[in-house]
Amino acid sequence: MAKYKLEYIWLDGYTPVPNLRSKTTIKEFDSFPKLGDLPMWGFDGSSTKQAEGRSSDCMLKPVACFPDTTRKNGVLVMCEVMMPDGTTPHPSNTRATILDDPDAWFGFEQEYFLFQDGKPLGFPSDGFPNPQGEYYTGVGFKNVGDIARQIVEEHLDLCLDAGINHEGINAEVAKGQWEFQIFGKGSRTAADQVWMARYLLIRLCEKYCVDVEFHCKPIRGDWNGSGMHTNFSTKYLREVGGKEYFEKLMAQFQKNMDEHIAVYGPDNHLRLTGLHETQAIDKFTYGLADRGSSIRVPHSFVNAGYKGYLEDRRPNSQGDPYQIASRILKTISEVPTP
Ligand code: ADP
Ligand code: MN
Ligand code: MN
Ligand code: MN
């Protein structure tokens, strides 16, 4: 038997953007615990905007677990928040709204800024650095600064060691802006991993006195905002698809435009302006390889006879991947397949 440090992680009740919360419990196991070995736990919901003071208990239901290589015998336990009965999802539990579909695949491209003293890492103490141009996928101190790459590399290793399915990382268009991509099969897999990767990044940055800024437009002016492009496919889209089905699907996305925007992250009007490779927030368009449209249709999709995956470019960096996946699958479910 060994003592394991179980870090239970959940989303609190703050709106419009929940915070990550976590606390540790020590439990003994013969070997690294499996999800089914992990007990439910509770917390004081009155301190997280999830309950009134009088009856403040909320429950934590483990839904995914990952090794934590920063701690001896460390386990990261992603949880859903449940009501005191342990079976009813709490109203803040957006994960519970996702349709169950093991054949739904998602790829999230998470952009974010690293911030220090209220500005992106690498910005001078007053004024601005050189305009955008050489920062995207850039190399060199003048482009990426000193500690940013160290943070990004350390984060990548933490995630890979945890079994998170990162597909890549890159320096982004604005100074101090970065991206990682996570892909997962199953309607909740990639979303769980995005939240876990966010947790690991925020926690890692503590020791560098750096904050992670997920807001979609942290610097006004001619500086890119941050998105979370959401690539998605279902078994039907991958294996059957077809132009007629695709057009019906896009009509349904058009019809639900407002419902999608409502869960694609706050302040998105600051980012979806029609500039900087975005479509305006009040328009829905799709286009072949068009990075100025709401949904980009990859060449591969059309070449395969309207089969494969699509990229919704509207979700922003602060969006909740649970709500984004939930809404996309709901809209898809509204279009009958023959
Ligand atoms: P961009 O040019 O917008 O950065 P990429 O081609 O780099 O786009 O990324 C596309 C993403 O699409 C990949 O990172 C992957 O996660 C995701 N993806 C690829 N195939 C599928 C699929 N069949 N279903 C869902 N997502 C997919
Ligand atoms: Mn990308
Ligand atoms: Mn990007
Ligand atoms: Mn993209």
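Residues numbered from 1 in each chain as written. Chains lettered and ligands numbered in written order. Predicted model: local features only at pLDDT ≥ 70, side-chain atom pairs only at ≥ 80, totals over all residues. Heavy atoms only, no water.

Some points on the nonpolar core
Inference 1: Counting 66 residues, the largest nonpolar core has Leu114 and Leu310 as its most contacted members.
Inference 2: Setting aside residues up to four positions removed in sequence, Leu310 forms contacts with Thr230, Asn231, Phe232, Leu237, Phe246, Leu249, Met250, Ile295, Arg296, Val297, Pro298 and Phe301.
Inference 3: Ranked by size, the runner-up nonpolar core spans 13 residues in total, among them Tyr4, Trp10, Phe43 and Cys79. (Core = buried A, V, L, I, M, F, W, Y, C linked by side-chain atoms within 4.5 Å. Buried < 20%, exposed > 50% of the residue type's maximum accessible area, 1.4 Å probe, protein only. Contact = heavy atoms within 4.5 Å.)

Points about the site of ligand 1
Inference 1: Neighbouring ligand 1 are 13 residues, the closest being Glu109, Glu167, Ser233, Arg291 and Glu311.
Inference 2: With respect to ligand 1, the side chain of Ser233 contributes an N or O atom lying 2.7 Å from a nitrogen atom.
Inference 3: One nitrogen or oxygen atom from the side chain of Glu311 is found 2.8 Å from an oxygen atom belonging to ligand 1.
Inference 4: Protein burial of ligand 1: of its 570 Å² of free accessible surface, 73% is covered by the chains.
Inference 5: For the shell around ligand 1, the secondary structure elements donating two or more residues are β6 (105-116) and β11 (228-233).
Inference 6: In the shell around ligand 1, the residues fall into 4 nonpolar, 3 polar and 6 charged. (Near = heavy atom within 4 Å. Polar contact = N/O pair within 3.5 Å; in protein donor to acceptor, adjacent residues only side chain to side chain. Areas by Shrake-Rupley, 256 points an atom, 1.4 Å probe, with all protein chains shown as cover. Helix = DSSP H or I, 4+ residues; strand = E, 2+ residues; numbered from the N terminus. Nonpolar A, V, L, I, M, F, W, Y, C, P; charged D, E, K, R; others polar.)

Structural notes on the pairing of strand β8 (residues 166-171)
Inference 1: Examined bridge by bridge, β8 and strand β9 (residues 177-185) share 5 bridges and lie antiparallel to one another. Its bridge partner being in β9, Asn170 is matched across the sheet by Glu179. (Pairing = 2+ DSSP bridges.)

What about the domain arrangement of the chain?
Inference 1: Domains assigned within the chain are domain 1 (2-95) and domain 2 (105-333).
Inference 2: In this complex, domain 1 contributes 20 residues to the contact, which on the side of domain 2 involves 19 residues.
Inference 3: Both faces considered, domain 1 and domain 2 share a buried interface measuring about 1,800 Å² in area, 70% of it formed by carbon and sulfur atoms.
Inference 4: Linking domain 1 with domain 2 are 2 salt bridges.
Inference 5: With a closest N to O distance of 3.0 Å, Asp68 and Arg203 form a salt bridge.
Inference 6: The interface formed by domain 1 and domain 2 contains 5 residue pairs in polar contact (both at pLDDT 80 or more).
Inference 7: If you list the elements that add at least two residues to the side of domain 1 that touches domain 2, you get β1 (2-11), β2 (20-29), β4 (57-68) and β5 (74-82). (Domains from an automatic or database assignment. Buried area = accessible area lost by both parts, 1.4 Å probe. Salt bridge = Lys/Arg side-chain N within 4 Å of Asp/Glu carboxyl O.)

Considerations on the coordination of the manganese ion (ligand 4)
Inference 1: The protein atoms that coordinate the manganese ion (ligand 4) are Glu109 (OE), Glu109 (OE), His229 (ND1) and Glu311 (OE), at distances spanning 2.0 to 2.5 Å.
Inference 2: Here the donor residues for the manganese ion (ligand 4) map to a single chain with the spacing E-x119-H-x81-E.
Inference 3: Separating the manganese ion (ligand 4) and the manganese ion (ligand 2) is a distance of 4.0 Å, and Glu109 donates to both of them. Of this pair, Glu109 sits in strand β6 while Glu311 is found in strand β14 (residues 310-312), placing the two residues 202 residues apart along the sequence. Comparing Glu109 with Glu311 shows no difference in burial state: the two are buried. (Donors = N, O, S within 2.8 Å, 3.2 Å for Na, K, Ca; no water.)

Some words on helix α3 (residues 189-205)
Inference 1: Over its 17 residues, α3 extends 24 Å from the first C-alpha to the last, a length consistent with the 24 Å expected when each residue adds 1.5 Å.
Inference 2: The buried fraction of α3 is high, at 15 of 17 residues. (Expected span 1.5 Å × (residues − 1).)

With respect to the pattern of salt bridges
Inference 1: Counted under the stated rule, the structure contains 17 salt bridges.
Inference 2: Two residues, Arg188 and Asp100, come together in a salt bridge whose shortest N-O distance is 2.9 Å. A residue pair is termed long-range when its members are at least 10 positions apart, and Arg188 in the loop between β9 and α3 and Asp100 in the loop between β5 and β6 qualify at 88 residues.
Inference 3: Here Glu244 ties to Lys248 by a salt bridge, and the two come within 3.5 Å at their closest N and O atoms. With a gap of 4 residues between them, Glu244 and Lys248 both fall in helix α5 (residues 243-255), about one helical turn apart.
Inference 4: Overlapping salt bridges bring together Glu277, Arg296, Glu311 and Arg313 as one network.

Focus on the coordination of the manganese ion (ligand 3)
For a metal with four tetrahedral donors the ideal donor-metal-donor angle is 109.5 degrees, while six octahedral donors give ideal angles of 90 or 180 degrees.
Inference 1: Taken together, Glu111 (OE), Glu172 (OE) and Glu179 (OE) make up the protein donors of the manganese ion (ligand 3), found 2.1 to 2.3 Å from the metal.
Inference 2: All donors to the manganese ion (ligand 3) come from one chain, and their sequence spacing reads E-x60-E-x6-E.
Inference 3: A separation of 3.9 Å is found between the manganese ion (ligand 3) and the manganese ion (ligand 2), both of which receive a donor from Glu179. Of this pair, Glu111 sits in strand β6 while Glu179 sits in strand β9; the two residues are 68 residues apart in sequence, bridging distant segments of the chain. For the pair Glu111 and Glu179, one class covers both residues: buried.

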